[in-house]
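Architecture at a glance
In case you want the letters, here they are:
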Amino acid sequence: MRAMILKSVTSFDNNQTPLDLVDWPDPVPAAGEILIRVTVCGVCHTELDEIEGRSPPPRLPVIPGHQVVGHVEALGPGVTMYKVGDRVGVAWIFSACGVCRFCRRGQENLCPGFQATGRDAHGGYAERMVAPAEYVYAIPKIFTDAEAAPLLCAGAIGYRSLCLAGLEKGDNVGLTGFGASAHLVLQMLHHQFPEMKIFVFARKAEERAFARSLGAYWVGTTIDVAPDPLQAIIDTTPAWTPILGALQNLDSGGRLVINAIRKEERDKSVLLSLNYPAHLWMEKEIRSVANITRQDVSAFLDLAAAIPLHPEIQEYDLEKANEALFDMKTKHIKGAKVLRVS
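Attention in this report is confined to the structure presented alongside it. Keep in mind it's a predicted model, so treat the numbers as computed, not measured.

Criteria and cut-off values
- Residues numbered from 1 in each chain as written.
- Predicted model: local features only at pLDDT ≥ 70, side-chain atom pairs only at ≥ 80, totals over all residues.
- Heavy atoms only, no water.
- Helix = DSSP H or I, 4+ residues; strand = E, 2+ residues; numbered from the N terminus.
- Rg over C-alpha atoms; globule rule 2.2 N^0.38 Å.
- Buried < 20%, exposed > 50% of the residue type's maximum accessible area, 1.4 Å probe, protein only.
- Contact = heavy atoms within 4.5 Å.
- Lys, Arg positive; Asp, Glu negative; His and termini not counted.
- Charge placed at Lys NZ, Arg CZ, Asp CG, Glu CD.
- Core = buried A, V, L, I, M, F, W, Y, C linked by side-chain atoms within 4.5 Å.
- Disulfide = S-S within 2.5 Å.
- Pairing = 2+ DSSP bridges.
- Axes fitted to C-alpha atoms, helices over the stretch in contact; angles between N-to-C directions.
- Parallel < 35°, antiparallel > 145°, perpendicular 65-115°, else oblique.
- Nonpolar A, V, L, I, M, F, W, Y, C, P; charged D, E, K, R; others polar.
- Salt bridge = Lys/Arg side-chain N within 4 Å of Asp/Glu carboxyl O.

**Description of the overall build of the protein chain**
Along its length, the protein chain carries nine helices and 17 strands. The C-alpha atoms of the protein chain give 20 Å as radius of gyration, which agrees with the globular expectation for 342 residues (20 Å, within 12%). For the protein chain, the C-alpha atoms occupy an extent of roughly 60 × 45 × 40 Å along the three principal directions. Taken over 342 residues, the protein chain has a buried fraction of 57%. Residue pairs at least 24 apart in sequence account for 74% of intrachain contacts in the protein chain once pairs closer than 6 positions are excluded. Of the side chains in the protein chain, 34 bear a positive and 39 a negative charge, and the two mean positions are spaced by 2 Å.

Right, dumping it as structure tokens:
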């Protein structure tokens, strides 16, 4: 089968084609697994974190990709919940131990044995992949394959961010960065809180225009001061500068939710400008989003189908995965990027 593989950790500054297109052996499903013929796979900033070493795969080479949509091609021994031909998806959570204290209380995203699709196990930048049947999701019929792919990470992680934000009717909420996840969060907010004022902070003018077109109440740059204090802000950027801007815009008792696997180093020095009275005092709270649970994905897919939520999509052929990742790295973003595999 065709697959795009990562052979070594590198930097896009030095290597703009870190993934190689190869002929890879077809995987075979073990007990409890299913074999999926991949049709599309979303492209996520987390892949940049893997490639550039901020969240490196434990073993190389590896096939990246964790927003996978395809059809069941074969069943491993013991699998009864799916049948050949079913359309399914795979998300960032590939597996968890199921027995630790976190798993027992529904926090499998914090499991020490958490395995990530496309990092700890081969992912969807390939024509086929295997996955544990218990960590695979039926895709609602209302979505095309390409629409469903970003829902499995950008949407599900955005959903978890909203849950952690603890929003109430009448709150003002901010979104910092406006790419694949934030544009879905904005639409969820419109559905759940129709009267809520949504303030969007984005570095690029085209991102701000996109937010305006989706109904943002106010837009500005990541360092602008909002006209009203905000009770919650969700940050989806890989940078540190927006964190200080967000903390300055938070109301007393407000909550900043950082939706990122890793932050890049390039502007970390800005944290030396952290001012306790301006940024942290008055019981402001900071929470990070760590991975997702199966319940997050299932609940979000139901919500997305009910809205219904249709992501903005830009498609690339599988062999152009490096181009899609470079466009993401250089901030050529509008909505979500999806690889067309087969």
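After that view, the rundown keeps rolling.
**Comments concerning the nonpolar core**
Soluble globular proteins: nonpolar side chains tend toward being buried together. By size, the foremost hydrophobic cluster in this structure holds 59 residues, and its most contacted members are Phe-178 and Val-200. Broken down by secondary-structure element, the contributors of at least two residues to this core are helix H2 (101–104), helix H3 (145–165), strand E10 (172–176), helix H4 (180–192), strand E11 (197–201), helix H5 (205–213), strand E13 (230–235) and helix H8 (294–306). Here this core takes twelve residues from H3, the largest share from any one element. Not counting residues up to four positions away in its chain, the partners in contact with Val-200 are Leu-175, Phe-178, Leu-186, Ala-211, Ala-216, Trp-218, Val-219 and Gly-220. Core analysis: the next-biggest nonpolar cluster, separate from the first, contains 38 residues, Ile-34, Val-79, Tyr-125 and Ala-131 among them.

**Concerning the environment of Gly-78**
Following the sequence through the fold, Gly-78 ends up in the loop between strand E4 (68–75) and strand E5 (87–90). Measuring from C-alpha to C-alpha, the distance between Gly-78 and Ala-133 comes to 9.7 Å, with 55 residues separating the pair along the chain.

**Some thoughts on the state of the cysteines**
Within this structure, the stated rule accounts for zero disulfides. For Cys-41, which is in no disulfide, the shortest distance to another cysteine sulfur is to Cys-44 and amounts to 9.7 Å. On the accessibility criterion, Cys-41 (0% relative accessible area) is buried. Of the cysteine sulfurs around Cys-103, a residue in no disulfide, the closest is that of Cys-100, at 3.7 Å.

**Some details on the sheet that holds E11**
Strand order in this open sheet of six strands is E12-E11-E10-E13-E14-E15, and the pairing throughout is parallel. What marks the edges here is a single partner per strand, and that holds for strand E12 (218–220) and strand E15 (285–288). On average, each strand axis in the sheet is tilted by 15° relative to the strand beside it, whichever way the strands run. Pairing between E10 and E11: five bridges, direction parallel. Each bridged residue has a counterpart across the sheet, and for Leu-175 the counterpart in E11 is Val-200. Along the sheet face, helix H6 (residues 241–249) touches E10, E11, E13, strand E14 (250–258) and E15 and points at about 150° away from the line of E14.

**Overview of the packing of H3 against H8**
With their axes 9 Å apart at the nearest point, H3 and H8 run at an angle of 100° to one another. As judged from the angle between their axes, H3 and H8 are roughly perpendicular. Residues Leu-151, Leu-152, Gly-155, Ala-156, Tyr-159 and Arg-160 of H3 pack against Asp-296, Val-297, Ala-299, Phe-300, Leu-301, Leu-303 and Ala-304 of H8. Counted by class, the contact of H3 with H8 contains ten nonpolar, one polar and two charged residues.

**Comments concerning the pattern of salt bridges**
Following the criterion strictly, the structure yields 22 salt bridges and no others. Salt-bridge contacts for Arg-128 lead to Asp-26; the nearest nitrogen and oxygen are separated by 3.7 Å. Here Arg-128 is found in strand E8 (residues 128–132), whereas its partner Asp-26 is found in the loop between strand E2 (19–23) and strand E3 (33–43), with 102 residues between them in sequence. Look at the salt bridges and you will find they share partners, linking Asp-49, Glu-52, Arg-54, Glu-264, Arg-266 and Lys-329 into a network.

**Brief notes about unusual backbone geometry**
Here the residue pair Leu-60 and Pro-61 is connected by a cis peptide bond, since its omega of 0° sits within 30 degrees of zero. For Pro-61, the position within the fold is in the loop between helix H1 (45–51) and E4. Following Ile-307, the chain continues to Pro-308 via a peptide bond in cis, the omega torsion being -20°. Looking at where Pro-308 falls in the secondary structure, it is placed in the loop between H8 and strand E16 (313–317). Positive phi values are uncommon outside glycine, yet Met-282 reaches one of about 65°.

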